[in-house]
Amino acid sequence: MFTIANGIILKGSDLIPTRENIVVDDGKILEIGKESLEGKIIDVDGAVVCPSFINGHMHIGDSIIKDEGYGLSLSEMVKPPNGVKHVALANASDDELIEAMKSSMWDMVYSGTTYFIDYREGGLKGVKLLRKASKGIPIKPIILGRDDSFYGDDPDLSKVKVAIRKLLKFSDGIAPSGFGEITMDVAEIISKECEKAGKISSIHVAESESNQIDSLNNYGLSEIEKGVINEFSQLVHLTNPKNDDLTSVFNSNQNVVVCPRANATLNVGVVPLPKMLELGIRPIIGTDNVMLNSPNMLRELEFTLKIMSVYYKKYIDSCELLKMATTNICGFNINNLIQKSIIMEGNFAEFNVFNSFSKNPYMNIINRCETKNILYRINKKIFI
């Protein structure tokens, strides 16, 4: 048992700052209060206590080729099966992949991340490799698998179903690359099979303007409309919405994940976060491909804060932004894969203690803090 004492706690789903103590026992928050003091006392002297980060979208396998292919187009970099990423993954040994993924997971741990949602290439084998790589590391991967049988203009739908069911025995859901690689029939099967299994179905949509235009020209539907129609539980990117795309997503109550740094690296646009928030969409945020960016959520948050103000001429609310990396996930339908990371009595103790440099606790973390400014990482126990 221990107490984090005298901290500025970002409490509850709304991250309300309050100066209280947190008593932790057996990996759970036993009590929060101004007079609560039990076990080992750790006086943090006004430091900011924030829920640990959740990296909402990653491709951790391409940790093996950091910064390769910079300057190439989106398709040249990541489109299966001949993108730079896929060629590298196909040529890498299992040991190389495991060591690279381990390194990236430790990077996330040290920068305050407890969970991440990964689009795992390599079929069933790829899912199992990440499970193996994550053993012994204090982080939880949420693994979404895919299979080569999904792709092409005329896929064998019976093989697609078999592949999905095999994957769902070992993964937390299914995530094909995008609608440029799969048919609507395959999309429907993925969504329905995941729903029956109580697992996540996810897909990239509207990452690039050209993908959106091609989809509208060829099918009369935007990629986002396709995602809504097929009822994927989680839509990633939405960088280039068209017409009433965002209203449709809000009305569908689907989960949204945005990746601003990756969009910038690939030169595909700036996601309209101010418009999303105005409509009532509450996304989570991710760092995307490790080949493009470090998986450090602090860097993602600061970049997002500043690119929104300069691009949209609007200041994004810093509390709402911090929620995208922490508590917004608790509104997602993810079958309890991620335990409630909200700082409340009875929840698991999963939070970071940051040096305090300013009176605004949200800006303090987003705009001032680096990995070295995390005093304690609490992941059911003290992890310094």
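The structure presented is a predicted model; accordingly, all values stated were derived computationally and were not measured.

About the cut-offs
- Residues numbered from 1 in each chain as written.
- Predicted model: local features only at pLDDT ≥ 70, side-chain atom pairs only at ≥ 80, totals over all residues.
- Heavy atoms only, no water.
- Helix = DSSP H or I, 4+ residues; strand = E, 2+ residues; numbered from the N terminus.
- 1 Å grid on protein atoms, 1.4 Å probe; cavity = no way out; pocket = protein on both sides within 12 Å on 5 of 7 lines; lining within 4 Å.
- Points joined across faces, edges and corners; volume = space filled by probe spheres on them.
- Nonpolar A, V, L, I, M, F, W, Y, C, P; charged D, E, K, R; others polar.
- Expected span 1.5 Å × (residues − 1).
- Buried < 20%, exposed > 50% of the residue type's maximum accessible area, 1.4 Å probe, protein only.
- Pairing = 2+ DSSP bridges.
- Contact = heavy atoms within 4.5 Å.

Any chance you could explain unusual backbone geometry here in plain terms?
Most peptide bonds adopt trans geometry, and most residues besides glycine take a negative phi value. The step from P80 to P81 runs through a cis peptide bond, and the omega angle for that step is 5°. As for its position among the elements, P81 is in the loop between α1 (74-78) and α2 (84-91). Backbone geometry at L15 places phi at a positive 55°, although glycine is not the residue there. Note on placement: L15 falls in the loop between β1 (2-11) and β2 (16-25).

What exactly am I supposed to notice about empty space enclosed by the protein here?
Which parts of space are left empty comes out when a probe the size of a water molecule is rolled across the atoms. All chains considered together, the criterion is met by 1 cavity of 30 Å³ or more. By volume, the largest cavity amounts to about 70 Å³. Taken together, 12 residues make up the lining of the largest cavity; nearest its centre are V109, T113, T114, R377 and N379. Taken together, the elements giving at least two residues each to the lining of the largest cavity come down to β7 (113-119), β15 (350-354) and β16 (374-379).

For this particular structure, what's the right way to read the layout of surface pockets?
Considering only enclosed or pocket space, the largest pocket measures out at about 1100 Å³ in volume. Lining the largest pocket we find 50 residues, and of these K79, P80, Y151, S177 and E181 sit closest to its centre. Mapped by element, the contributors of at least two residues to the lining of the largest pocket are α1, α2, α3 (94-110), α4 (123-134), β10 (200-205), α7 (209-219), α8 (223-229) and β14 (288-289). Top contributing element to the lining of the largest pocket by residue count: α7, with 5 residues. Its residues assigned to classes, the lining of the largest pocket comprises 17 nonpolar, 17 polar and 16 charged.

I'm lost on helix α12 (residues 297-312) in this one. Help?
Think of an α-helix as turning once every 3.6 residues; residues three or four places apart then point the same way. Its 16 residues place the ends of α12 22 Å apart at the C-alpha level, agreeing with the 22 Å of an ideal helix rising 1.5 Å per residue. Every buried residue of α12 is accounted for by M297, L298, E300, L301, T304, L305, I307 and M308. K313 sits one or two residues past α12 and shows a positive phi near 60°.

Please clarify how the pairing of strand β3 (residues 28-33) should be interpreted in this entry.
The side chains of a regular strand alternate, residue by residue, between the two faces of the sheet. Bridge count for β2 against β3 is 5 bridges, and the pairing is antiparallel. Residue pairing for β3: N21 is matched across the bridge by G33. The antiparallel pairing of β2 with β3 creates a hairpin that spans 2 residues between the two strands, and D26 there sits at a positive phi of about 55°.

Sorry, what's going on with the environment of F250 here?
In this fold, F250 is placed in helix α9 (residues 245-252). Residues F250 and A325 lie 75 residues apart in sequence; the distance between their C-alpha atoms is 19 Å. Once residues within four sequence positions are removed from consideration, F250 is found in contact with L279, G280 and I281.

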